[in-house]
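Letter by letter, the chains look like this.
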Amino acid sequence: MTVEGVEDDDELLADVARRYYLDNTSKVDIAKQLGLSRFKIARLLEEARERGIVQIQIKSPTPVDRGLSEQLAEALGIARCVATTATGSAEQVRAQVAEAAARTVAPLVRDGDLLGLTWSRAVDAMVDHFDALPSCTVIQMAGSLHSPSGGGTTVDLARRAAELAGGTAYAVHAPLVVDDVAAVTALRRQPGIADTLAMADGLDVSVVAIGAWRAGCSTVWDAVSEQVRAEGVAGGAVAEVSGHLLDVDGKLVESPLEQMIIAVSIDQLRRPAERVALAAGAHRAPAVIAAVRSGLVSTLVTTTDLAREVLRLLPPVAAERTPV
């Protein structure tokens, strides 16, 4: 039994700190367990911090440039923007955008809502940043797409989100992209798939990622042939959202890809009251503008470099459209 006045060696300091910080034992209970006074325990904890035996880290959320966010929302004509000052590698930036997205999306979801998710690396990471979600039903908005760099699929994404919400996940057990158009038609008619996609008519909140239609900027680009990529480019595609291609004006590009995907329609993507989109990197600025013009975005979670590039691109466009 340890007694009052014992030498404050490292082992004792670590033991007290472990009980308090890791086991969530109160100072009073630790004092009883070790035969010490509550005041002695408090002093030991203070000494453990001073000597570096206990090191406390507070991870601040990725900072948001609120002035730039408001300026971007006004310029785009949408409800809100969250422009994070994300830095580091592409993976680190994606993680910071995902964290900001989780903080943005969670308050938008209410009990009983239908929440729609489309897989992307950023949306997948967003789910990992949720502490909890209100009780809701999660709808998979597109077929499964495996990430070449690892990660899960949309099916897994919807399941994980539903578990956090204590709700039900409705999956689309099919690939997002299928080369055989006849097979696509048959899959879309299967009851399980058709019923899930039809549920998207009633979505309250949707979350998508905005890809640019170019190499390395869309997971769908990586999943299709060179011919399909080229036909999309020839049709004027600058953006990809849930497998749909959009031109600079936000119009749907009628490329072969549109007949190859198993996903909710563009009209369904426009219906939710809360339409959250994630995008990072200045090179995606034209794609973001296209997605907003298409009516697919009411909330944009992005990076400050992309926000500034969008603002740089918007004034000339506005000038061109001003009646003479």
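Preceding this section is the structure that the text describes.
Quick caveat, the model's predicted, so the values are computed rather than measured.

**Some details on the pattern of salt bridges**
Counted according to the given criterion, the structure contains 16 salt bridges. Its salt-bridge partner being D201, residue R271 comes within 2.5 Å of it at the nearest N-O pair. One end of the pair, R271, is in the loop between α12 (266-270) and β9 (274-278); the other, D201, is in the loop between α9 (191-199) and β5 (205-209), and 70 residues separate them in sequence. Two residues, E309 and R312, come together in a salt bridge whose shortest N-O distance is 2.7 Å. In this pair, E309 and R312 are both assigned in helix α14 (residues 304-321), three residues apart and thus about one turn of the helix distant. Several salt bridges converge on common partners, so that one network encompasses D124, D128, D156, R159, R160 and E163.

**Focus on the packing of aromatic side chains**
If you walk through the whole model with that rule in mind, you get two aromatic pairs. Geometrically, the ring pair formed by Y20 and Y21 is edge-to-face, given 4.9 Å between the ring centres and 85° between the ring planes. We classify Y20 as partly exposed; its relative accessible area is 28%. Judged by its relative accessible area of 30%, Y21 is partly exposed. Seen in terms of ring centroids, W213 and W221 are 5.0 Å apart; in terms of plane orientation they differ by 70°. Their pairing is edge-to-face. Per residue, the accessibility class of W213 equals that of W221, and both read buried. The lysine or arginine in question, R38, covers the ring of F39, its NZ or CZ lying 4.6 Å from the ring centre.

Calculation notes
- Residues numbered from 1 in each chain as written.
- Predicted model: local features only at pLDDT ≥ 70, side-chain atom pairs only at ≥ 80, totals over all residues.
- Heavy atoms only, no water.
- Salt bridge = Lys/Arg side-chain N within 4 Å of Asp/Glu carboxyl O.
- Helix = DSSP H or I, 4+ residues; strand = E, 2+ residues; numbered from the N terminus.
- Phe/Tyr/Trp six-rings, centres within 6.5 Å; stacked < 30°, edge-to-face > 60°.
- Buried < 20%, exposed > 50% of the residue type's maximum accessible area, 1.4 Å probe, protein only.
- Lys NZ or Arg CZ within 6 Å of the ring centre and 35° of its normal.

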